[in-house]
Amino acid sequence: MDKLRTFIKESWHEITKEVTWPKFSELQSSATLVLVASVIFALVVGAIDFLIDNGLKLLYSSF
């Protein structure tokens, strides 16, 4: 139990005193970047899925 208490105390000290947290504006810009990248990635994957689906339908309907 002593090890757990020491771990929690040291973790709390590190989180509150040692870690430098980013400013809110930096968090917003990072979140915006992640959102835009996710949307672009989803559109690319959706387009590839659409092309493969229609290509296979066209291929299978020709037989």
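Residues numbered from 1 in each chain as written. Predicted model: local features only at pLDDT ≥ 70, side-chain atom pairs only at ≥ 80, totals over all residues. Heavy atoms only, no water.

J.: When you look at the environment of Asp49 in this model, what are you seeing that I'm missing?
T.: Counting through the fold element by element, Asp49 comes out in helix α2 (residues 24–61). Distance from Asp49 to Thr6, taken between C-alpha atoms, is 52 Å for residues 43 residues apart in sequence. (Helix = DSSP H or I, 4+ residues; strand = E, 2+ residues; numbered from the N terminus.)

J.: I keep staring at the pattern of salt bridges and nothing clicks. Help me out?
T.: Side-chain pairs of opposite charge can arise where the charged atoms are in close proximity. Considering all chains together, one arrives at two salt bridges under this definition. The salt bridge partner of Asp2 is Arg5, with a shortest N-O separation of 3.7 Å. Residue Asp2 and its partner Arg5 are both found in helix α1 (residues 2–18); the two are separated by three residues, about one turn of the helix. Among the salt bridges present, the one from Lys57 reaches Asp53, with a minimum N-O distance of 3.3 Å. Of the two residues, Lys57 and Asp53 both sit in helix α2, four residues apart, roughly one turn of that helix. On the basis of relative accessibility, which here comes to 35%, the residue Asp53 falls in the partly exposed class. (Salt bridge = Lys/Arg side-chain N within 4 Å of Asp/Glu carboxyl O. Buried < 20%, exposed > 50% of the residue type's maximum accessible area, 1.4 Å probe, protein only.)

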